[in-house]
Amino acid sequence: MKIEVWSDYQCPFCYIGKARLNKALEQFPNRDEVEVSFRSFELDPNAAKDIPMNMYEMLMNKFGLTLEQVKQNSANLWQQAKNEGLDFQFDTMVLTNSFDAHRLLKFATAHGKEAEMNEALFRAYFTDSLHIGDHATLLDIAERVGLDRAETEAFLNSEQFGKEVRQDEQQANQLGVTGVPFFVVNNKYGISGAQPTEVFLNTLQDVWAEDHPLQMINSTEGDICADGSCIVPDTKS
């Protein structure tokens, strides 16, 4: 089974949704046969690398809310994250442009470190309050997940994997994706949003059953009971 996940590293519901998918996979008996890959989706492709405001100020400006309203909404979101074992630090998050972080994921994927890098970037932004648009920060993250620092630096200073990020975003547009997280299972089923763990688990089970229908091993019907009665076949001939 193949699951593709479109997300952005500055999207809180993307991190929560990923955690819930992971919990569903932990409960899924055939989890070793599920391949999860991560696709790029920038919430704001035009965002500056250095943004002179904090998370609260950005939300106040964007939605016309008061500081009290923004903090209340953030507290509710913080609780959702905590329920999934995540630690969100809204007070100190560093707003930035996530394009290079998405490129770094592609680079890590090419070196067999996709899952590790995906988790590291989310944690860096939401928990550690790191500047994930800054190359020095990205180099530190890359080194922690086991990538060569000098090779990673050369990559970041190039335009490598930029086209792949844009291709992911174009594919999302073709699929009609307008928000993230968005999950595509076997190129056939879409799941929008950070759904409860049970939704992911039920989807995994349903898709698995569809792809692995029961195979009958006997060519003739044996003795059965149905509709409240049992039928004994006539053996006389």
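Residues numbered from 1 in each chain as written. Predicted model: local features only at pLDDT ≥ 70, side-chain atom pairs only at ≥ 80, totals over all residues. Heavy atoms only, no water.

Under the annotation held in an unreviewed UniProt entry, the chain carries the name DsbA family oxidoreductase and is attributed to Paenibacillus kyungheensis.

1. Section: helix H4 (residues 99-110)
For H4, with 12 residues, the first-to-last C-alpha span of 17 Å sits near the 16 Å given by 1.5 Å per residue. Burial in H4 covers these residues: Phe99, Asp100, Ala101, His102, Arg103, Leu104, Leu105, Lys106, Phe107 and Ala108. Looking at the buried residues of H4, the elements they touch are strand E1 (2-7), strand E2 (35-40), helix H5 (114-126), helix H6 (135-144), helix H7 (149-156) and helix H8 (162-175). (Helix = DSSP H or I, 4+ residues; strand = E, 2+ residues; numbered from the N terminus. Expected span 1.5 Å × (residues − 1). Buried < 20%, exposed > 50% of the residue type's maximum accessible area, 1.4 Å probe, protein only. Contact = heavy atoms within 4.5 Å.)

2. Structural notes on the pattern of salt bridges
Enumeration over the complete set of coordinates arrives at 12 salt bridges. Ionic pairing is found between Glu84 and Arg20, a salt bridge with its closest N-O pair at 3.1 Å. Of this pair, Glu84 sits in the loop between helix H3 (67-83) and H4 while Arg20 sits in helix H1 (residues 12-27), and the two are 64 residues apart along the sequence. For the pair Glu84 and Arg20, a shared accessibility class is recorded, and that class is buried. Arg166 is paired through a salt bridge with Glu169; the nearest N and O atoms lie 2.9 Å apart. (Salt bridge = Lys/Arg side-chain N within 4 Å of Asp/Glu carboxyl O.)

3. Some thoughts on the sheet that holds E1
Sheet strands pair by backbone hydrogen bonding; their relative direction is either parallel or antiparallel. One open sheet accounts for four strands, arranged E2-E1-E3-E4; its pairing is mixed. Of all strands in the sheet, those with a lone pairing partner are E2 and strand E4 (189-192), marking the two edges. Averaged over all adjacent pairs, the angle separating strand axes in this sheet is 20°, with direction ignored. Both E1 and E2 contribute to a ladder of six bridges, which runs parallel. By the bridge assignment for E2, Trp6 is matched with Arg39. Packing of H4 onto the sheet brings it into contact with E1 and E2, and relative to E2 it is tilted by some 145°. Most of the contacts of H5 go to E2, to which it runs at about 50°, and overall it touches E1 and E2. (Pairing = 2+ DSSP bridges. Axes fitted to C-alpha atoms, helices over the stretch in contact; angles between N-to-C directions.)

4. Describing the environment of Leu147
Residue placement: Leu147 occurs in the loop between H6 and H7. Spatially, the C-alpha atom of Leu147 lies 24 Å from that of Gln167, the residues being 20 residues apart in sequence. The contacts of Leu147, once residues within four sequence positions are left out, are Phe107, Ala108, His111, Lys113, Met117, Ala142 and Thr152.

5. A short note on the packing of aromatic side chains
This model, assessed by the stated rule, comprises 12 aromatic pairs. Arranged with centres 6.0 Å apart and planes meeting at 15°, the rings of Tyr15 and Phe88 form a pair that is stacked. Taken as a pair, Tyr15 in helix H1 and Phe88 in the loop between H3 and H4 lie far apart in primary sequence, 73 residues in all. With a centroid separation of 4.4 Å and 10° between ring planes, the pair formed by Phe107 and Phe155 is classed as stacked. Here Phe155 lies in helix H7 and Phe107 lies in helix H4, a separation of 48 residues in the sequence. Pairwise contacts between aromatic rings join Tyr9, Tyr15, Phe88, Phe90, Phe122, Tyr125 and Phe126 into one cluster. In this arrangement the basic side chain of Arg103 is found over the ring face of Phe155, its NZ or CZ atom lying 4.8 Å from the centre. (Phe/Tyr/Trp six-rings, centres within 6.5 Å; stacked < 30°, edge-to-face > 60°. Lys NZ or Arg CZ within 6 Å of the ring centre and 35° of its normal.)

6. Points about the packing of H1 against H3
Interaxial distance between H1 and H3 falls to 10 Å at its minimum, and their mutual angle equals 25°. Comparing the axis directions of H1 and H3 gives the class roughly parallel. For H1 against H3, the interelement crossing comes out left-handed. For the pair formed by H1 and H3, the contact residues are Pro12, Phe13, Ile16, Arg20 and Lys23 on the first element and Leu77, Gln80, Ala81 and Asn83 on the second. The residue inventory of the contact of H1 with H3, partitioned by class, reads five nonpolar, two polar and two charged. (Parallel < 35°, antiparallel > 145°, perpendicular 65-115°, else oblique. Left-handed = near helix turned anticlockwise from the far one by under 90°. Nonpolar A, V, L, I, M, F, W, Y, C, P; charged D, E, K, R; others polar.)

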